[in-house]
Amino acid sequence: MSSDSAPAMRAVGINRTYGKGESAVHACQDASLSVQPGELLVVKGPSGSGKTTLLNCIGGLDEPDSGTVFIGDRELTAMRESDRVELRQTQLGFVFQSFGLIPILSAAENVEVPMRLVGMPPAERQARVDELLELVGLADHHHQRPAELSGGQQQRVGLARSLANRPKLLIADEPTGQLDSVTAGTMMDLISDLVHSHGVAAIVSTHDPLLMQRADRVLELHDGRILGGQATASAGASSVEPSDEASPEMIEVPRSYSGRHRRNP
Ligand SMILES: Nc1ncnc2c1ncn2[C@@H]1O[C@H](COP(=O)(O)OP(=O)(O)OP(=O)(O)O)[C@@H](O)[C@H]1O
């Protein structure tokens, strides 16, 4: 990554409130952040701090009340729903804590779903499914349905599916929340390798301190606000501007990015 490359995602002044009046919950307040190609950004924070809300707004699964989100140079928050769907299908990959696999489909068929949605020809789909299941270490599990796979295997199918259409940005909401610590580590290593070897940008929410070790940068949310300043996208660079109360892990953790990435997986 070079610091002057354009961000894969840039969000400015995101606000999202649920409910009204006294019962209103300000789940996301004035959040600004960005992530670069080849960067792994971890969002941490206690339960209810707004991680899912923020990720859903960034990924176009929810609409902020105000603020803007750019994916590359396209403004997601200004799009019609049909354009947002197209952008989600072609530019974004999602991994969910609950895996989100379709129970009656095999591992291979689950991975194939996003490719069908964008009209990829069958032969290309087949090759891509093989490639992705190999990538996540499930080359021998094409035909098994989710119920016949372990939790860690199911989440690897979820990761393979999220990569189906070569997303520029991976959004993973507590992807290891249902996994034991060893399996969680394997999952995060896979995500880290995708990011650092292939130049995919990733935003991952987690509670797990061990998983933060793989991060290039960690943001902390509290009551819907990013602590330690805003992770702004000034002049295309992604940085955290620390405040007095910022702890070291909220501040940018420099890592050696691989300058040249392999092809987007
Ligand atoms: N659809 C909704 N309607 C009303 N309130 C909501 C809704 N979704 C989330 N909230 C509230 O918004 C706040 C932030 O929730 P969110 O799920 O974003 O937090 P989180 O950090 O992801 O939590 P967790 O770590 O437990 O998943 C919480 O107070 C939650 O109760």
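The protein chain appears in an unreviewed UniProt entry as Putative ABC transport system ATP-binding protein from Arthrobacter pigmenti.

This part is about helix H1 (residues 51–58). A turn of α-helix holds 3.6 residues, and therefore any two residues three or four places apart point the same way. Of all the eight residues making up H1, six are buried; the element is thus mostly covered by neighbouring parts of the structure. Buried within H1 are the following residues: Lys51, Thr53, Leu54, Leu55, Cys57 and Ile58.

Attention now moves to the sheet that holds strand E2 (residues 25–35). Read across the open sheet, the four strands follow the order E2-E1-E4-E5; overall the sheet is antiparallel. Strands at the two margins of the open sheet, each flanked by one partner only, are E2 and strand E5 (74–75). The pairing of strand E4 (residues 66–71) with E5 spans two bridges and is antiparallel. What sits directly across from isoleucine 71, in E5, is arginine 74. Strand contacts of H1: strand E1 (9–18), E2 and E4, with the helix running at about 55 degrees to E2, the strand carrying the most contacts.

With respect to spatial proximity, 13 residues lie near the ligand, and among them Ser47, Gly48, Lys51, Thr52 and Thr53 are the closest. At 2.8 Å from an oxygen atom of the ligand is found a main-chain nitrogen or oxygen belonging to glycine 48. Of all elements in the fold, only E2 and H1 reach the threshold of two or more residues within the shell around the ligand. Per-element accounting of the shell around the ligand gives the leading share, three residues, to H1. Classifying every residue of the shell around the ligand by side-chain character gives four nonpolar, seven polar and two charged.

Before going further, it helps to examine unusual backbone geometry. Positive phi, close to 75 degrees, is recorded for phenylalanine 99, a residue that is not glycine. Tracing the sequence through the fold places phenylalanine 99 in the loop between strand E6 (92–96) and helix H3 (107–117). Here phenylalanine 99 falls in the buried class, since its relative accessible area comes to 8%.

Our focus in this paragraph is the pattern of salt bridges. Charged atoms that come close allow side chains of opposite charge to pair. Going through the model one piece at a time under the given rule, you end up with 14 salt bridges. Residue aspartate 65 is joined to arginine 16 by a salt bridge in which the shortest nitrogen-to-oxygen separation is 3.9 Å. With aspartate 65 in the loop between H1 and E4 and arginine 16 in strand E1, this residue pair connects regions lying 49 residues apart in the sequence. Across the salt bridge formed by arginine 84 and glutamate 81, the nearest N and O atoms sit 2.8 Å from each other.

Turning our eyes to something else, we now look at the packing of H3 against helix H5 (residues 151–162). The description of two packed helices rests on the angle between their axes and on the distance between the axes. Taken N-terminus to C-terminus, the directions of H3 and H5 make an angle of 30 degrees; their axes are 8 Å apart at the nearest point. For the element pair H3 / H5, the angle class is roughly parallel. Relative to H5, H3 is oriented so that their crossing is right-handed. For the pair H3 and H5, the contacting residues are Ala107, Asn110, Val111 and Pro114 in the first and Val157, Ala160 and Arg161 in the second. Of the residues in the contact of H3 with H5, the class split is five nonpolar, one polar and one charged.

Let us look at the side chain of serine 197. Among the structural elements, serine 197 can be located in helix H6 (residues 181–198). Only 2.7 Å separates the side chain of serine 197 from the side chain of aspartate 193, close enough to count as a polar contact.

Within the element layout of this structure, serine 162 appears in helix H5. We classify serine 162 as buried; its relative accessible area is 6%. The contact partners of serine 162, leaving out residues within four places of it in the chain, are Leu92, Gly93, Phe94, Val95, Pro167 and Leu170.

About the thresholds
Residues numbered from 1 in each chain as written. Predicted model: local features only at pLDDT ≥ 70, side-chain atom pairs only at ≥ 80, totals over all residues. Heavy atoms only, no water. Buried < 20%, exposed > 50% of the residue type's maximum accessible area, 1.4 Å probe, protein only. Helix = DSSP H or I, 4+ residues; strand = E, 2+ residues; numbered from the N terminus. Pairing = 2+ DSSP bridges. Contact = heavy atoms within 4.5 Å. Axes fitted to C-alpha atoms, helices over the stretch in contact; angles between N-to-C directions. Near = heavy atom within 4 Å. Polar contact = N/O pair within 3.5 Å; in protein donor to acceptor, adjacent residues only side chain to side chain. Nonpolar A, V, L, I, M, F, W, Y, C, P; charged D, E, K, R; others polar. Salt bridge = Lys/Arg side-chain N within 4 Å of Asp/Glu carboxyl O. Parallel < 35°, antiparallel > 145°, perpendicular 65-115°, else oblique. Left-handed = near helix turned anticlockwise from the far one by under 90°.

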